[in-house]
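# Structural overview
So you can see what is in the structure, the chains are spelled out below.
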Amino acid sequence: MSHGFDTLAIHAGQDPEARTGAVIPPIYQTSTYAQDAVGAPRQGYEYSRSGNPTRDALQECLAALEGGPVGLAFASGLAAEDTLLRALCKPGDHVVIPDDAYGGTYRLFAKVAERWGLAYTPAKVSDVDAVRAAIRPGATRIVWVETPTNPLLGIADIAALAAVAHDAGALLVVDNTFASPYLQQPIAHGADVVVHSTTKYVGGHSDVVGGALVVADRGLGEELRFHQNAMGAINGPFDAWLTLRGIKTLGVRMDRHCDNAERIATYLDGHAKVAQVIYPGLPSHPGHEVAAKQMRRFGGMISFRAAGGEEHAVEICNQAKLFVLAESLGGVESLIEHPGRMTHASAAGSPLEVPGDLVRLSVGIETVDDLLADLEQALG
């Protein structure tokens, strides 16, 4: 029997606990487990790096929400990315990445993986031909996609890029952090692996750091599970429990994020002190039709360019009061940041450098009229 998204978010991997009937999965705060005999661990649990019931509950839930057979939870989104790259690639391999990828992802490729011998080429992932041209036949192992991208909110056609990657013998990896599994399920469109920073919308409350991989192929998932254990970048049981608690309200939160973002994007789009609004829900966005095809709604992230240039953008960020000046995104509270000097500072001087006049909003679930009033005074 299949269930709807919100039912899965509340119940998948989260049956009442067998011994007491507790309806919430316990926090198994233990490092090791008593074994019934030498070489006979009880229910397969022997050491919490290798397996923990709280983390297993989270992993089963994540897999159900993304529609894949295997879900894996990690200490952070970057820990998930690093494990994936080292499991699937070897020195001499090549990866295509977005030309406006998250700054931490770019730093991982440029400052860590490249020194290990992994080459990469940035490409505009909203342009299928550009991605195809960036592939190196025989060397490209992964086509890495964010959609929407961070921070320029570019939209990649997942199904089209899956075909391009598979024709080249590569895997399509989709970072689904900005959309969340409620708004978009890349595996249904042909992706091989989905990446999340669960710190963001999945957890949703800015109180826990985590990451995840969900894999379309069970065999590949088990290979990644081996590397998860061998490399050890797992999340702890309390972190897994907090993330599970956040997941339960993911659907209702995302609807409010989208409601508020749509109102704010429309307001900014007509403001004299805003040069450009970048939001996939606006018909003027070049990826609007593709986003409408593969997303349930258009998300809670908005970027805009200040009409007064970089200093005006910085001033807007500093003048905001209800929008908290902070990095990260996806929490119930609204955040504002200047990507060029904050989250994407590591990309300065690279092909992934972002415009200096760019402001990024993570629109929360507050009363939208209060958010609009705060932006009005911050814009000056």
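So, here's what we can say about the structure. (Residues numbered from 1 in each chain as written. Predicted model: local features only at pLDDT ≥ 70, side-chain atom pairs only at ≥ 80, totals over all residues. Heavy atoms only, no water.)

## Describing helix 2 (residues 53-66)
Rules: Numbering goes from the N terminus for both helices and strands, where a helix is a DSSP run of H or I of at least four residues and a strand is a run of E of at least two. Helix span, expected: 1.5 Å multiplied by one less than the number of residues in the helix. For the exposure calls, accessible area comes from a 1.4 Å probe over protein chains only, and a residue counts as buried if that area is under 20% of its type's maximum, exposed if over 50%, partly exposed in between. Two N or O atoms count as a polar contact when they lie within 3.5 Å, although within protein this holds only if one can serve as hydrogen donor and the other as acceptor, and sequence-adjacent residues are included solely when both atoms are side-chain atoms.
For helix 2, with 14 residues, the first-to-last C-alpha span of 20 Å sits near the 20 Å given by 1.5 Å per residue. Within helix 2, 11 of the 14 residues are buried, leaving the element largely enclosed by the surrounding structure. Within helix 2, burial applies to Pro53, Thr54, Arg55, Ala57, Leu58, Gln59, Cys61, Leu62, Ala63, Leu65 and Glu66. Two or three places before threonine 54, at the start of helix 2, stands the capping residue asparagine 52, its side-chain oxygen 2.9 Å from that residue's backbone nitrogen.

## Some remarks on unusual backbone geometry
When glycine is set aside, most residues are seen to have a negative phi, and most peptide bonds are trans. Cis geometry marks the peptide bond from threonine 147 to proline 148; its omega dihedral reads -5°. The topology assignment puts proline 148 in the loop between strand 6 (140-146) and helix 6 (158-167). In this structure, the amide linkage connecting asparagine 150 to the following residue, proline 151, adopts the cis form with an omega of 15°. In this structure, proline 151 sits in the loop between strand 6 and helix 6. For leucine 153, which is not glycine, the phi torsion reads 55° and is therefore positive. Given the relative accessible area of 1%, leucine 153 is considered buried. The backbone of serine 206 shows a phi angle near 55°, a positive value even though the residue is not glycine. Within the secondary structure layout, serine 206 lies in the loop between strand 8 (193-197) and strand 9 (211-215).

## Notes on the pattern of salt bridges
The condition is simple: Salt bridges are identified by distance alone: a Lys or Arg side-chain nitrogen within 4 Å of an Asp or Glu carboxyl oxygen.
Within the structure shown, the criterion is met by 15 salt bridges. Between aspartate 82 and arginine 86 there is a salt bridge, with the nearest N and O atoms lying 2.8 Å from each other. Within this pair, aspartate 82 and its partner arginine 86 are both found in helix 3 (residues 77-88), separated by four residues, close to a single helical turn. A relative accessible area of 19% places aspartate 82 in the buried class.

## What to know about the packing of helix 10 (residues 250-269) against helix 13 (residues 368-379)
We apply this condition: Interaxial angle, 0 to 180 degrees, is taken between N-to-C directions of lines fitted to C-alpha atoms, where a helix line uses only the stretch in contact. When an angle is under 35 degrees it counts as roughly parallel; over 145 it counts as roughly antiparallel; between 65 and 115 it counts as roughly perpendicular; any other value is oblique. Left-handed describes a crossing whose near helix is turned anticlockwise from the far helix through less than a right angle; right-handed describes the clockwise counterpart. Contact criterion: two residues are considered in contact whenever any of their non-hydrogen atoms come within 4.5 Å of each other. Classification used: nonpolar for Ala, Val, Leu, Ile, Met, Phe, Trp, Tyr, Cys and Pro, charged for Asp, Glu, Lys and Arg, polar for all others including Gly.
Interhelical geometry of helix 10 versus helix 13 gives an angle of 30° and a closest axis separation of 10 Å. In terms of axis orientation, helix 10 runs roughly parallel to helix 13. Pair helix 10 / helix 13 crosses with right-handed handedness. Residues Asn260, Arg263, Ile264, Tyr267 and Leu268 of helix 10 touch helix 13, and the partners they reach there are Val368, Asp369, Leu371, Leu372, Leu375, Glu376 and Leu379. Residues belonging to the contact of helix 10 with helix 13 are distributed by class as follows: eight nonpolar, one polar and three charged.

The values are spatial; any link to function lies outside them.
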